[in-house]
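Each chain, written out:
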Amino acid sequence: MLTATFVHAQGVGFATERGLWDKGVRSWGAAREMGDALPVSRRMHGALRATIDQSIEALERRDRAHFATAIPQREHWRTVGEFGRLGYLDIETDGGITADSVTVIGLSDGYECNILIKGKDLNDFPQLAEQYDGFVTFFGAGFDIPMLKRRFPSLDSVFRDRFHIDLCPALRRLGYRGGLKSIERELGVTRVPEAEGLDGMDAVRLWSAYRRGGRGAEEALRLLIAYNREDVVNMKTLLEFAAPRLRALSGFDPADE
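An account of the accompanying structure is given in this report.

### Some remarks on the overall build of the protein
Then step 1. When helices and strands are counted, the protein shows 11 helices and 5 strands.
Then step 2. With the principal axes as the frame, the protein shows a C-alpha extent of 75 × 40 × 30 Å.
Then step 3. Buried residues in the protein amount to 48% of all 257 residues.
Then step 4. Excluding contacts between residues fewer than 6 apart, the proportion of contacts in the protein whose partners are at least 24 apart in sequence is 65%.
Then step 5. When the accessible surface of the protein is summed, it comes to about 12300 Å², and 48% of that surface belongs to carbon and sulfur atoms.
Then step 6. Distance from the positive charge centre (35 side chains) to the negative charge centre (38 side chains) of the protein: 3 Å.

Spelled out as structure tokens, the structure:
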């Protein structure tokens, strides 16, 4: 889908992009071959051809930062499959909003899941984050990413130069509203029994119980880790559900690829 994207060119909106597809211009390569015959206005012609050339060159050198900044963030889902490593990301906090409030960070490449704990290995996150081409979150633009940049200021450039697929607005575009857990239930996505029914407030409570120590501390941490892991793992399922439907909503026919 990335190589069929034209909305990052100056003056090209979604209607113009769809018009290009309808007229047979379904990839950067097809657009380049058409040359002066591109079916756009003379005013738009130069900017579109320049963007296409830049995009082809950027993809050849695997320049993720070029696309992360050029393509509107709400359309970052179009990069799925083109760059190697997406990180499914979710954090927990102690209920506060300060730099020190992050308690747990879950990060998965879709196969292996790392759960980082405050006071243990939380500070390993910036190094791990640099290994990814982009991140998938649920409401991460409004919560997880700002909190992480507050906790680790060096991550500002990391997040700026990488893709961010926020499933919350993406699924809202498909008609699914509410929180992560309610959407999971609506779509029939299950959780392990020990994490079923837990929510963000439970995550705060479990962290507090762990920090207090005592007989129930390790069990509280175990449940908190299980809860966070389910948030992270289920995002892959939700992205696999959303991506083809977002493509269909855009008007692009997969048969045209």
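### Observations regarding the pairing of strand S2 (residues 102-108)
Then step 1. Of all 7 residues making up S2, 7 are buried, and the element is well covered by its neighbours.
Then step 2. The pairing of S2 with strand S3 (residues 113-117) spans 5 bridges and is classified as antiparallel. Within S3, the position partnered with Leu-107 by the bridge is Asn-114.
Then step 3. Counted along the chain from S2 to the antiparallel partner S3, the turn is 4 residues long, and its residue Gly-110 has a positive phi close to 100 degrees.

### Let's talk about the packing of helix H10 (residues 200-212) against helix H11 (residues 217-250)
Then step 1. It is at 8 Å that the axes of H10 and H11 come closest, and there the two elements cross at 150 degrees. One finds that H10 runs roughly antiparallel with respect to H11. Along this stretch, H10 crosses H11, giving a crossing that reads as left-handed. Residue-level inspection shows Gly-200, Ala-203, Leu-206, Trp-207, Ala-209 and Tyr-210 of H10 in contact with H11, the latter providing Ala-217, Glu-218, Ala-220, Leu-221, Leu-223, Leu-224 and Tyr-227.

### So, H11
Helical geometry: 3.6 residues make up each α-helical turn, so side chains three or four residues apart lie on a common side.
Then step 1. An ideal rise of 1.5 Å per residue puts 50 Å on 34 residues; H11 measures up with 49 Å between its terminal C-alpha atoms.
Then step 2. Residue Gly-251 follows H11 closely and has a positive phi angle near 100 degrees.

### Things to note about the sheet that holds S2
Then step 1. Reading across the sheet, the 5 strands line up as S3-S2-S1-S4-S5 and stay open at both edges, with mixed pairing between neighbours. The open sheet is flanked by S3 and strand S5 (163-166), the only strands paired with a single partner. Each neighbouring strand pair of the sheet contributes to a mean axis angle of 25 degrees, computed without reference to strand direction.
Then step 2. The strands touched by helix H6 (residues 144-151) are strand S1 (86-93), S2, strand S4 (134-137) and S5; relative to S1, the strand with the most contacts, the crossing angle is about 75 degrees.

### Observations regarding the nonpolar core
Then step 1. In this structure, Phe-6, Leu-48, Phe-67 and Leu-171 are the most contacted members of the largest nonpolar core, which totals 46 residues.
Then step 2. Setting aside chain neighbours within four positions, we find Phe-67 in contact with Leu-2, Trp-28, Ser-55, Ala-58, Leu-59, His-76, Phe-83 and Phe-163.
Then step 3. Core analysis: the second largest hydrophobic core is formed by 18 residues, Val-102, Ile-105, Tyr-132 and Phe-135 among them.

### Some remarks on the pattern of salt bridges
Oppositely charged side chains can pair when the atoms bearing their charge come close.
Then step 1. Applying the stated rule across the entire model yields 19 salt bridges.
Then step 2. Ionic pairing is found between Arg-49 and Asp-36, a salt bridge with its closest N-O pair at 2.8 Å. Remark: Asp-36 occurs in the loop between helix H2 (28-34) and helix H3 (42-60) and Arg-49 occurs in helix H3; sequence separation between them is 13 residues.
Then step 3. A relative accessible area of 33% means that Arg-49 is categorised as partly exposed.
Then step 4. The salt bridge involving Arg-205 is made with Asp-202; its shortest N-O contact spans 3.2 Å. With Arg-205 and Asp-202 both in helix H10 and 3 residues apart, the pair spans about one turn of that helix.
Then step 5. A relative accessible area of 45% means that Arg-205 is categorised as partly exposed.
Then step 6. For Asp-202, a relative accessible area of 17% puts it in the buried group.

### A look at the side chain of Thr-93
Then step 1. When you line up the elements, Thr-93 lands in strand S1.
Then step 2. One polar contact links the side chain of Thr-93 to the main-chain amide nitrogen of Gly-95, over a distance of 3.1 Å.
Then step 3. Not counting residues within four places of it along the chain, the set of residues in contact with Thr-93 comprises Ser-101, Val-102, Thr-103, Phe-143, Met-147 and Val-204.

### Description of the environment of Arg-151
Then step 1. By the secondary structure assignment, Arg-151 is in helix H6.
Then step 2. Put simply, Arg-151 and Ile-97 are 54 residues apart on the chain and 9.9 Å apart in space, counted from C-alpha to C-alpha.
Then step 3. Residues contacting Arg-151, with those up to four places away along its chain left out, are Ala-99, Val-102, Leu-122 and Asn-123.

### Remarks on unusual backbone geometry
Then step 1. Of note, Arg-62 is a non-glycine position whose phi angle comes to about 55 degrees, a positive value.
Then step 2. Along the chain, Arg-62 turns up in the loop between H3 and helix H4 (64-70).
Then step 3. In this model, Phe-139 sits at a positive phi of 65 degrees, which is unusual for a non-glycine residue.
Then step 4. Position of Phe-139 relative to the elements: it lies in the loop between S4 and H6.

Reading the values: the criteria
The written sequence of each chain sets the order in which its residues are numbered from 1. Under the rules for a predicted model, residues below a pLDDT of 70 receive no local features and side-chain atom pairs below 80 are neither given nor counted, while totals for whole chains, interfaces and linings still include all residues. The basis for the side-chain values is all heavy atoms of the structure; hydrogens and waters are excluded. A run of H or I in DSSP counts as a helix once it spans at least four residues, and a run of E counts as a strand once it spans at least two, with each numbered from the N terminus. Think of it in three bands: with a 1.4 Å probe and only protein chains considered, a residue is buried below 20% of the maximum accessible area for its type, exposed above 50%, and partly exposed in between. In what follows, a contact means two residues having at least one pair of non-hydrogen atoms within 4.5 Å. The accessible surface values rely on the Shrake-Rupley method and a 1.4 Å probe; as for residues, cover is taken only from the protein chains in view. Note on charges: Lys and Arg go in the positive column, Asp and Glu in the negative column, and His and the chain ends are not counted at all. Lys charges are placed at NZ, Arg charges at CZ, Asp charges at CG and Glu charges at CD. Paired strands, as defined in this entry, are two strands with at least two bridges between them according to DSSP. To get an axis, a line is fitted to the C-alpha atoms, and for a helix only the part in contact is used. The angle between two axes follows their N-to-C directions and goes from 0 to 180 degrees. These descriptions rest on fixed angle ranges, namely under 35 degrees for roughly parallel, over 145 for roughly antiparallel, 65 to 115 for roughly perpendicular, and the rest for oblique. Put simply, a crossing is left-handed when the front helix is turned counterclockwise from the back one by less than a right angle, and right-handed when it is turned clockwise. What a helix should span is 1.5 Å times the count of its residues minus one. We define a nonpolar core as any set of buried Ala, Val, Leu, Ile, Met, Phe, Trp, Tyr and Cys residues linked to one another through side-chain atoms lying within 4.5 Å. Take a side-chain nitrogen of Lys or Arg and a carboxyl oxygen of Asp or Glu: if they are within 4 Å of each other, that pair is a salt bridge. What qualifies as a polar contact is a pair of N or O atoms within 3.5 Å, subject to a donor-acceptor requirement within protein and to the restriction that residues adjacent in sequence count only when both atoms come from side chains.

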